[in-house]
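Per-entry structural report
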Amino acid sequence: MSKTLTQLACQRVQALTPYLSARRIGGKGHVFLNANEAPKAEQYELDCSRLNRYPECQPPEVIRRYAAYAGLTADQVLVSRGSDEAIELLIRTFCEPGEEEILFCPPTYGMYSISAETCGVGMRTLPPLPDFQPDVPAILAELSRGKPIKVLFFCSPNNPTGTLVAREKLIPILEATAGKSIVVVDEAYIEFCPEASMVDLIRHYPHLVITRTLSKGFALAGLRCGFTLANPEVINLLLKVIAPYPIPEPVAQIAAQALSPEGLDTMRSRVAWLNRLKAELKAELAQQPCVQSLFDDHGNFLLARFDSGSALFAAMVDAGIILRDFGSKPMLENCVRITIGDEAEMAAVLDVLKRL
Ligand SMILES: *Cc1c(COP(=O)(O)O)cnc(C)c1O
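Note that the structure is a prediction, hence the values are computed from the model and not measured. (Residues numbered from 1 in each chain as written. Predicted model: local features only at pLDDT ≥ 70, side-chain atom pairs only at ≥ 80, totals over all residues. Heavy atoms only, no water.)

**Some words on the domain arrangement of the protein chain**
Operational definition: Marked domain ranges trace back to an automatic or database domain assignment. Residues are treated as being in contact if the distance between any of their heavy atoms lies within 4.5 Å. Here's the idea: put two parts together, see how much 1.4 Å probe accessible area each one loses, and the total over both is what we call buried area. A carboxyl oxygen of Asp or Glu within 4 Å of a side-chain nitrogen of Lys or Arg is what we treat as a salt bridge. Here a polar contact is taken to be a pair of N or O atoms separated by no more than 3.5 Å, where protein atoms must pair a possible hydrogen donor with a possible acceptor and residues adjacent in sequence count only if both atoms sit in side chains. A run of H or I in DSSP counts as a helix once it spans at least four residues, and a run of E counts as a strand once it spans at least two, with each numbered from the N terminus.
In terms of domains, the protein chain is made up of domain 1 (7-39 + 263-354) and domain 2 (50-261). A C-alpha centroid distance of 23 Å is found between domain 1 and domain 2. Counting from both sides, the interface comprises 31 residues of domain 1 and, opposite them, 37 residues of domain 2. For the pair domain 1 and domain 2, the two sides together bury roughly 2,700 Å², of which 66% comes from carbon and sulfur. Counting the contacts that link domain 1 with domain 2 gives zero salt bridges. Here domain 1 is connected to domain 2 by 12 residue pairs in polar contact (both at pLDDT 80 or more). Where the side of domain 1 that touches domain 2 is concerned, the elements lending two or more residues are helix H11 (261-287) and strand E10 (301-306).

Here you go:
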């Protein structure tokens, strides 16, 4: 019997709903504060003299500079097409489709579930405690039932709540999973609170993996460049799975410049500037009668609960300001996330809030 092209796709792809990124949701506006992007770009230099050649799989200068930045050795670093690719590589490397599963604690970043679904890997979710910390006893109990849980994802600072996973929560999880599972800490926003990194724990826990990105603090979301920090044995396994030429030559050149001493200085002053604007916006939000509560503020965004999240969101749209509405997510009724933009963008947000 003849099938449509869609029917020819494998079952799990037919069942997929693609990730609704801020970009795909779109919206008419002129102030985009919905994707945790940096408000402005830097300039870089490109040398095209070697573009006829295939690039290095793991550009050595990028690896060397990121390792130095992260306080690790080169064999503990993998570079990939954004940290989104790292998330998928980890699932493909460690989970047997249909037999082994991943675990995470929503509300959190959407790509853990998307990647698992794409790979045919089942997932188990557990709600966090009311303070958005992982519920350690519940996680430990979950580990000992059902199909094996091979990869656990924690996001710190968490998108969208801004929460940091407490060390005293992560350590018992690392203790309980040694020799059984991989524990991933997604540090996409760590530049905004570098002292909170768990990277030092890699020495003690060889099954701890940290994912990073140049998309947020480094203001390079368009570059698509991310990193995995882990034990060399884990890095070597991921290298078996990654594409042969995952990092285009221009990406490697720009990443190396962003990770140079001057690039790091630029990143650190941007982060200080955005953290200052975040503190100012937070103080203003706390004064507004329509704001019920504010969440943690460890990333380049603020999540707030409003009297009516949808009314706030709509008022912003009318003013050409696009935020991200999380009202339909577990535990986040009436919550809207605001990316920290530049002074003019933050003033525009406050202007709408004060007139609400
Ligand atoms: C933005 C984001 C990423 C994606 O990073 P890319 O390197 O751009 O793929 C990963 N994790 C979290 C929590 C994020 O918010």
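Picking up where we left off.
**Examining the site of the ligand**
Our working rule: Near, as used in this document, describes a residue that has one of its heavy atoms within 4 Å of the molecule or strand being considered. All accessibility values rest on the Shrake-Rupley procedure with a 1.4 Å probe; residue burial counts only the protein chains present in the view. In the scheme used here, Gly and all other residues not listed as nonpolar or charged are polar, with Ala, Val, Leu, Ile, Met, Phe, Trp, Tyr, Cys and Pro taken as nonpolar and Asp, Glu, Lys and Arg as charged.
Around the ligand sit 13 residues in total, of which Ser83, Tyr189, Thr213, Ser215 and Lys216 are the nearest. A distance of 2.6 Å is found between an oxygen atom of the ligand and a backbone nitrogen or oxygen belonging to Ser83. Note that an oxygen atom of the ligand is positioned 3.0 Å from one of the side-chain N or O atoms of Lys216. When isolated, the ligand has an accessible area of 390 Å², and the protein chains bury 94% of it. Top contributing element to the shell around the ligand by residue count: helix H5 (residues 82-94), with three residues. Of the residues in the shell around the ligand, the class split is four nonpolar, five polar and four charged.

**Examining the pattern of salt bridges**
Where we set the bar: Each residue gets one of three labels from its accessible area relative to the maximum for its type: buried under 20%, exposed over 50%, partly exposed in between, using a 1.4 Å probe on protein chains only.
Tallied over the entire structure, the rule returns 16 salt bridges. Arg65 is paired through a salt bridge with Glu61; the nearest N and O atoms lie 3.0 Å apart. Remark: Glu61 and Arg65 occur in helix H4 (residues 60-70); sequence separation between them is four residues, near one turn of the helix. A salt bridge links Glu100 to Lys150, with the nearest nitrogen and oxygen atoms 3.2 Å apart. Separated by 50 residues along the polypeptide, Glu100 in the loop between H5 and strand E3 (101-104) and Lys150 in strand E5 (residues 149-155) bring together distant segments of the chain. For Glu100, a relative accessible area of 17% puts it in the buried group. The network of salt bridges with shared partners includes Glu101, Arg124, Glu142 and Arg145.

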